[in-house]
Amino acid sequence: MTSLRTPSERLATGGRELAAPDADMDDARTVPPGRRQGRGQGRGRGRYGRRHRVLLYAGRVAVGGLTLLLWQFASGRWVDPFFVSSPSDVAARLAALVRSGELWPHLLTTLAEFGAGLGIGTAGGIALGLAIAFSGLVGQWFHPYVMALYSLPRVALAPLFIVWFGIGLTSKVTMVATMVIFAVFYNVYEGIRSIDPDLLDMARAHRASFLRTLRWIVFPALTPWLLTALRLGVGLALIGAVIAELVGSSAGLGYYIKNSSNLLDITGVFAGLAVITAVAMTFDTLVGALSRYLLRYR
Amino acid sequence: MTAATPAAGRTARGEPKLSVRGLRLEYAADGGRTTALHDLDLDVHEGEFVALVGPSGCGKSTLLKAVSGLVEKTAGSVVLDGERLEGVPEGVGLLFQNDALLPWRTAEDNIRFPLAVAGVAQAEQRRRIAELISAVGLTGFGGHYPRQLSGGMRKRVALARVLAADPGVFLMDEPFGPLDALTRERISADFLALWERVGKTVLFVTHDIDEAVTLADRVVVMSARPGRVIGEYDVDIPRPRAVEDVRFSDAFRRLRGRIARALHHRAEPTA
Ligand SMILES: Nc1ncnc2c1ncn2[C@@H]1O[C@H](COP(=O)(O)OP(=O)(O)OP(=O)(O)O)[C@@H](O)[C@H]1O
Ligand SMILES: [Mg+2]
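Residues numbered from 1 in each chain as written. Chains lettered and ligands numbered in written order. Predicted model: local features only at pLDDT ≥ 70, side-chain atom pairs only at ≥ 80, totals over all residues. Heavy atoms only, no water.

Chain B carries the name ABC transporter domain-containing protein in an unreviewed UniProt entry, which gives Streptomyces nanshensis as its organism.

What follows is the structure in structure tokens.
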């Protein structure tokens with residue numbers, strides 16, 4: 001890696017402009033990276049009173065509750081329960097799965113694929129982003145190919161990975177890492193390009209080493225971008241794990257869903273989906289909490 | 001350090017502390033080239049306070065960045081302490097036009113940056129930071145993040161950070177530019193008092209002639225882009241100066257008028 005580029009060198013390389021990805025930033029927990037540097041802007045929490053928060057959460061619970069009630073009511077009256085099951089059946093199935101212990105191996109398998117793939121994909125994406133952003137011309141040689149891979153619908157690679165690595169853990173982790181790495185790369189790369197050039201110049205003017213510049217400037221500036229990437233990554237990793245399990249596996253939540261659907265056991269399918277949703281929401285909440293902690297300087 | 005007054009620096013003219021010769025700087029700008037500086041010569045002596053005024057976009061920031069080694073020179077040389085500079089030199093401190101503070105670090109940690117780079121021991125870092133915080137008048141705000149500070153306070157943090165690096169030459173790029181008149185006057189006064197105590201060499205960019213004359217020993221006027229030096233004016237106002245008072249003296253008003261005419265008509269010959 002060469003030294004950090006100055007604004008003028010940066011102009012000379014003339015990288016192509018890309019719009020930031022649409023992270024699902026549905027509420028005040030995350031902010032679009034690179035924006036809101038200014039002071040005095042609303043800071044999500046604390047801006048609203050207690051009354052507002054009570055209304056917010058009460059409304060959310062009501063929407064969820066009413067949807068479940070409607071489902072329960074429709075099932076057996078408007079729609080054949082064979083096709084849509086019902087919330088009470090799904091709840092009963094989940095309870096049975098927990099009691100019999102059948103849930104845990106599936107959940108743990110999927111979580112292991114998810115965790116390992118997310119970790120490898122994130123680390124790989126960061127390394128790739130730093131390498132391409134800081135290697136000047138050489139990085140620009142590789143950039144279009146990485147972007148081409150990024151736009152490839154990577155779920156289509158799942159059958160290939162099963163052929164290459166078998167139906168065990170390796171093919172799933174590869175799939176998950178492939179899903180995650182590009183989202184992370186993209187955010188890291190764009191994040192580095194959007195760092196205030198004056199901050200990099202400031203570090204250069206003080207003759208700071210590359211590592212110190214990474215520690216004091218690049219990584220802190222990337223934090224909001226990495227958090228966005230992580231949030232996207234959680235969703236993508238679950239998709240990758242489940243798709244790979246659907247294509248070929250002997251355990252995991254995707255396997256349970258596929259198996260249930262082969263047996264025309266729709267309640268089982270919904271039970272699997274409910275667990276996946278719960279996993280996604282749990283990790284999303286964790287990333288949200290991490291964001292609030294890491295971005296408290298705003 | 002009372003001996004190191006600017007007068008002492010000015011009488012002992014020999015080799016200049018900083019010498020810019022035939023500096024030419026072109027930026028690559030989509031397709032063509034922008035000439036920001038053209039054949040610029042400038043000397044700054046040890047302990048001297050030089051103010052640089054010029055129209056917006058004439059290359060003042062570019063000059064400071066070229067001296068700090070942040071942009072590539074197209075031609076010409078910069079000599080510091082008799083040595084020709086290549087790359088980023090030691091002993092030159094740049095105060096950026098926008099304050100370039102790290103938003104994710106507290107005021108203290110921003111000031112810590114040069115100390116950490118220099119490998120100063122933790123205890124010594126804490127001592128120096130406390131000293132600098134009080135020197136720039138920020139006592140009690142060390143733990144604040146930049147967004148929790150006013151514009152003037154952020155400038156003070158940026159100033160403390162440059163002071164922490166303890167450079168031999170201060171390059172200051174419109175350090176008090178965006179501040180309101182009152183804050184600006186107060187910071188200028190504090191800075192002037194600080195400088196009159198330590199007597200370091202300063203090259204100070206401003207677009208405000210009053211500020212230039214109030215603070216400097218010499219005012220250098222630059223032409224519109226491509227920037228060159230078109231006039232130099234010695235400021236014979238005795239020190240220590242009181243920022244609030246100097247501007248009412250006759251000497252101040254005469255000089256101010258001459259510099260303004262030079263800036264606007266580019267006709268006045270060099271003093
Ligand atoms: N990174 C860059 N790439 C291309 N052109 C640049 C770059 N930086 C500055 N310029 C051009 O060089 C010229 C001088 O810019 P510079 O910032 O040095 O002016 P300045 O005198 O500091 O202006 P101001 O008083 O407004 O701060 C301008 O015309 C500007 O457009
Ligand atoms: Mg400028």
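1. Examining the overall build of chain A
Summing up its helical and strand segments, chain A has 12 helices and 0 strands in all. Taken from the N to the C terminus, the helices and strands of chain A come in the order α-α-α-α-α-α-α-α-α-α-α-α. Looking at the 298 residues of chain A, the share that counts as buried comes to 41%. Once local pairs closer than 6 in sequence are excluded, the contacts in chain A between residues at least 24 apart make up 76%. Looking at chain A as shown, the accessible area adds up to about 15,300 Å², and 67% of this sits on carbon and sulfur atoms. (Helix = DSSP H or I, 4+ residues; strand = E, 2+ residues; numbered from the N terminus. Buried < 20%, exposed > 50% of the residue type's maximum accessible area, 1.4 Å probe, protein only. Contact = heavy atoms within 4.5 Å. Areas by Shrake-Rupley, 256 points an atom, 1.4 Å probe, with all protein chains shown as cover.)

2. Concerning the site of ligand 1
With respect to spatial proximity, 13 residues lie near ligand 1, and among them B:Ser56, B:Gly57, B:Lys60, B:Ser61 and B:Thr62 are the closest. Around ligand 1 the close residues trace back to chains A and B. One of the backbone N or O atoms of B:Gly59 is found 3.0 Å from an oxygen atom in ligand 1. One of the side-chain nitrogen or oxygen atoms of B:Glu174 is found 3.2 Å away from an oxygen atom of ligand 1. When residues of the shell around ligand 1 are assigned to their parent elements, the largest contribution, 3 residues, is made by helix 2 (residues 60-67) of chain B. Across the shell around ligand 1, the residue classes break down as 4 nonpolar, 6 polar and 3 charged. (Near = heavy atom within 4 Å. Polar contact = N/O pair within 3.5 Å; in protein donor to acceptor, adjacent residues only side chain to side chain. Nonpolar A, V, L, I, M, F, W, Y, C, P; charged D, E, K, R; others polar.)

3. Thoughts on the pattern of salt bridges
All names here are of chain B. One pass over the structure, following the stated rule, counts 25 salt bridges over all chains. Between Arg127 and Glu131 there is a salt bridge, with its nearest N and O atoms 2.8 Å apart. Taken as a pair, Arg127 and Glu131 lie in helix 4 (residues 122-135) at a separation of 4 residues, close to a single helical turn. Across the pair Asp208 and Arg184 runs a salt bridge whose closest N-O atoms are separated by 3.2 Å. Taken together, the residues span a long stretch of sequence, with Asp208 in the loop between strand 8 (201-205) and helix 7 (209-215) and Arg184 in helix 6 (residues 181-198) at a distance of 24 residues. In this structure, a network of salt bridges that share partners links the residues Lys17, Glu46 and Asp81. (Salt bridge = Lys/Arg side-chain N within 4 Å of Asp/Glu carboxyl O.)

4. So, the coordination of the magnesium ion (ligand 2)
Geometry reference: four tetrahedral donors at a metal, ideal angle 109.5 degrees. Six octahedral donors, ideal angles 90 or 180 degrees. Residue and element names in this part refer to chain B. Around the magnesium ion (ligand 2), the protein contributes the donor atoms Ser61 (OG) and Gln97 (OE1), which lie 1.9 to 2.3 Å from the metal centre. Placement of Ser61 in helix 2 and of Gln97 in the loop between strand 6 (92-95) and helix 3 (107-117) is noted, with a sequence separation of 36 residues between them. A relative accessible area of 36% means that Gln97 is categorised as partly exposed. (Donors = N, O, S within 2.8 Å, 3.2 Å for Na, K, Ca; no water.)

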